[in-house]
Amino acid sequence: MTIKENFELAKQAYSKWGIDVEDVLQKLKQVPISIHCWQGDDVGGFEVNPSELSGGIDVTGNYPGKATTPEQLRSDLEKALSLIPGKHRVNLHAIYAETNGEVVERDQLEPKHFENWVAWAKEQGLGLDYNPTLFSHPKASDGLTLSHPDEEIREFWINHCIGSRKIGEYFGKELGTPALTNIWIPDGYKDIPSDRLTPRQRLKDSLDKIFAVPVDESYNLDAVESKVFGIGSESYVVGSHEFYLGYALKNDKICLLDTGHYHPTETVSNKISSMLLYSDKIALHVSRPVRWDSDHVVILDDELKEIALEIVRNDALNRVIIGLDFFDASINRVAAWTIGTRNMVKALLYAMLVPNEKLKQLQEEGNFTERLALMEEFKTYPFGAIWDYYCEQMGVPVKEAWLEEVKSYETEVLSKR
């Protein structure tokens, strides 16, 4: 049978439950995923005097073909985007500035250092998001930045974050879609602290100074991101979930949840509905922790499906900003982007093809037998046939055919670097 014939049969199966598949696909087209640039070069960036990767972050593997120039990274992103259905975004870190060989300290970065990225984004029809980089730097060598007891170091990072928000604002103005500028810091201690409060007071004061500088919210959205621990901050992280959740709610900022930044028994999917009650918007960095925040490539596992279900069933596609955050240097980096992003889109499609209103009704009625039966049966409904049709309609490879394109790109481009 053809892809179209399989689609028509699958569409009939879903229509029995009142699910309009054509309408679902139209909605899915409108959901952008913010794809992180740092998968393409192992979080290296393009600083003239780069520092060794730090901040509790580690990239393992030495697969050939890593991007070493902005042009190579953009080329690799273009290839990945050509294999992913939908129109998406690209997420940059400050270390991806282009300074034409000039040493520019991070607290001196300006919109002009990202003009090439903006020109490229316009050509590709993409939005851009942004992150100040508060790691891999001499002034972060002791693991402290915005909470540092040294006022001079703290001021350096405050100015970097202020400049970052202005760069995000520039992205929004130029591209006609607001940038999410997300602040994550590595601050913490390896061993048990004797004072948890004072560093958090300093962090709060630093954030207050950063956000006191006016930036147009129609062009830039501010977010803050927590973490439970990192390499070198195993016992205490200043910016915990509770800290940032409280700060975001009190100061009308977006709280960003990274799926790798919680205890192994916590799930981000279980937090979404609670946070939507009190926040107009929340943001996600979708990753895959394996025993710890190891940033593995996103797969279509139960938690990814549950995250998508929580977004869809709560009618929050316009309230949850979805970004990705993983890096794997042991496999082809373009393939990593493709696998992870296609899986995020697949999860959203899966969630849209579930009779969510019916399942809510069954729960309200206390009919848990039918609820469980239907939830299980829909796991094997033919959503794969819908996915194949969607890919074909969007002009990207169906099933694993994209892998042949990546292999060809590796032979023709990556292997020659």
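Per-chain numbering applies: the sequence of each chain, read as written, is numbered from 1 onward. Per-residue local features are limited, in this predicted model, to residues with pLDDT of at least 70; the limit for side-chain atom pairs, both in listing and counting, is 80 or more; totals at the level of whole chains, interfaces and linings are taken over all residues. Each side-chain value is derived from all of the structure's non-hydrogen atoms; neither hydrogens nor water enter the calculation.

Undergrad: Explain the overall build of the protein chain to me, please; I cannot follow it from the model alone.
TA: Put simply, DSSP H or I for four residues or longer makes a helix, DSSP E for two residues or longer makes a strand, and each gets a number counted from the N terminus. In terms of helices and strands, the protein chain carries 14 helices and 10 strands. In this description the radius of gyration comes from C-alpha coordinates, and the expected globular size is given by 2.2 Å times residues to the power 0.38. In terms of overall size, the protein chain behaves like a compact globule, its C-alpha atoms giving a radius of gyration of 22 Å where 417 residues would be expected to give roughly 22 Å. When the backbone C-alpha atoms are referred to their principal axes, the protein chain occupies close to 65 × 55 × 40 Å. Buried residues are those whose accessible area, probed at 1.4 Å on protein chains only, stays under 20% of the maximum for their type, while exposed residues exceed 50% and partly exposed ones sit between those limits. Here the protein chain holds 417 residues, and 54% of them are scored as buried. Of all intrachain contacts in the protein chain linking residues separated by at least 6 positions in sequence, the fraction that spans at least 24 positions is 81%. Accessible surface is estimated by sampling points in the Shrake-Rupley manner with a 1.4 Å probe; for residues, cover comes only from the protein chains shown. Surface accessibility of the protein chain: about 18,500 Å² in total, with carbon and sulfur atoms responsible for 49%. His is not counted here, nor are the chain ends, while Lys and Arg score as positive and Asp and Glu score as negative. Charged side chains are reduced to one point each, which is NZ for Lys, CZ for Arg, CG for Asp and CD for Glu. The average position of the 45 basic charges and that of the 66 acidic charges among the side chains of the protein chain differ by 2 Å. Should any heavy atoms of two residues lie within 4.5 Å, those residues are considered in contact.

Undergrad: Got a minute to help me understand a nonpolar patch on the surface in this structure?
TA: A surface patch of nonpolar side chains, amounting to about 390 Å² of accessible area, comprises Leu249, Leu277 and Tyr278. Of note, tyrosine 278 is situated in helix α8 (residues 269-278). Taking the relative accessible area as the measure of exposure, tyrosine 278 reaches 64% and is therefore exposed. Residues forming no salt bridge and having over 30% relative accessible area are the ones grouped into patches, like charges within 9 Å of each other and nonpolar side chains (Val, Leu, Ile, Met, Phe, Trp, Tyr) within 5 Å. A pairing counts as a salt bridge when a side-chain nitrogen of Lys or Arg comes within 4 Å of a carboxyl oxygen of Asp or Glu.

Undergrad: Please explain unusual backbone geometry as it appears in this structure.
TA: Note: most residues except glycine have negative phi, and most peptide bonds are trans. Not every positive phi belongs to a glycine, and aspartate 42 is a case in point at roughly 60°. A positive phi is found at arginine 291, a non-glycine position, where the angle reads about 70°.

Undergrad: Just to check I follow, could you spell out the packing of aromatic side chains for this structure?
TA: To describe a pair of aromatic rings, one takes the distance between the centres and the angle between the planes. Stacked, tilted and edge-to-face are the three classes assigned to paired rings of Phe, Tyr and Trp, where Trp is represented by its six-membered ring and a pair needs centres within 6.5 Å; plane angles under 30 degrees give stacked, over 60 edge-to-face, the rest tilted. Counted under the stated rule, the structure contains 20 aromatic pairs. Measuring from centroid to centroid gives 6.1 Å for phenylalanine 211 and tyrosine 247, while their planes differ by 35°, and the two rings are tilted. Taken as a pair, phenylalanine 211 in helix α6 (residues 197-212) and tyrosine 247 in helix α7 (residues 241-251) lie far apart in primary sequence, 36 residues in all. A relative accessible area of 5% means that tyrosine 247 is categorised as buried.

Undergrad: Would you mind showing me how to read the pattern of salt bridges here?
TA: Should their charged atoms come close, side chains of opposite charge can pair. Within this structure, the stated rule accounts for 25 salt bridges. For lysine 122, the salt bridge identified is with glutamate 174, shortest N-O distance 2.7 Å. Of this pair, lysine 122 sits in helix α4 (residues 115-124) while glutamate 174 sits in helix α5 (residues 151-175); the two residues are 52 residues apart in sequence, bridging distant segments of the chain. Take lysine 122: its relative accessible area is 46%, and that puts it in the partly exposed class.

Undergrad: What exactly am I supposed to notice about the packing of helix α10 (residues 333-352) against helix α13 (residues 383-393) here?
TA: When two helices pack together, their arrangement is captured by the angle between the axes and the distance separating the axes. Across the interface, α10 lies against α13 with an axial gap of 10 Å and an inter-helix angle of 125°. Judged by the angle between their axes, α10 and α13 are oblique. α10 and α13 meet at a crossing whose hand is right-handed. Residues Arg342, Val345, Lys346, Leu349 and Tyr350 of α10 touch α13, and the partners they reach there are Phe383, Ile386, Trp387, Tyr390 and Cys391. In this count, Pro and Cys sit with the nonpolar residues alongside Ala, Val, Leu, Ile, Met, Phe, Trp and Tyr, while Asp, Glu, Lys and Arg are called charged and the others, Gly among them, polar. By residue class, the composition of the contact of α10 with α13 is eight nonpolar, no polar and two charged. Each axis is a line fitted through C-alpha atoms, and for a helix only the stretch in contact is used; angles between axes span 0 to 180 degrees, taken between their N-to-C directions. Angles below 35 degrees are treated as roughly parallel, those above 145 as roughly antiparallel, those between 65 and 115 as roughly perpendicular, and all remaining angles as oblique. Handedness of each helix crossing follows the sense of rotation of the near helix against the far helix: counterclockwise by less than a right angle gives left-handed, clockwise gives right-handed.

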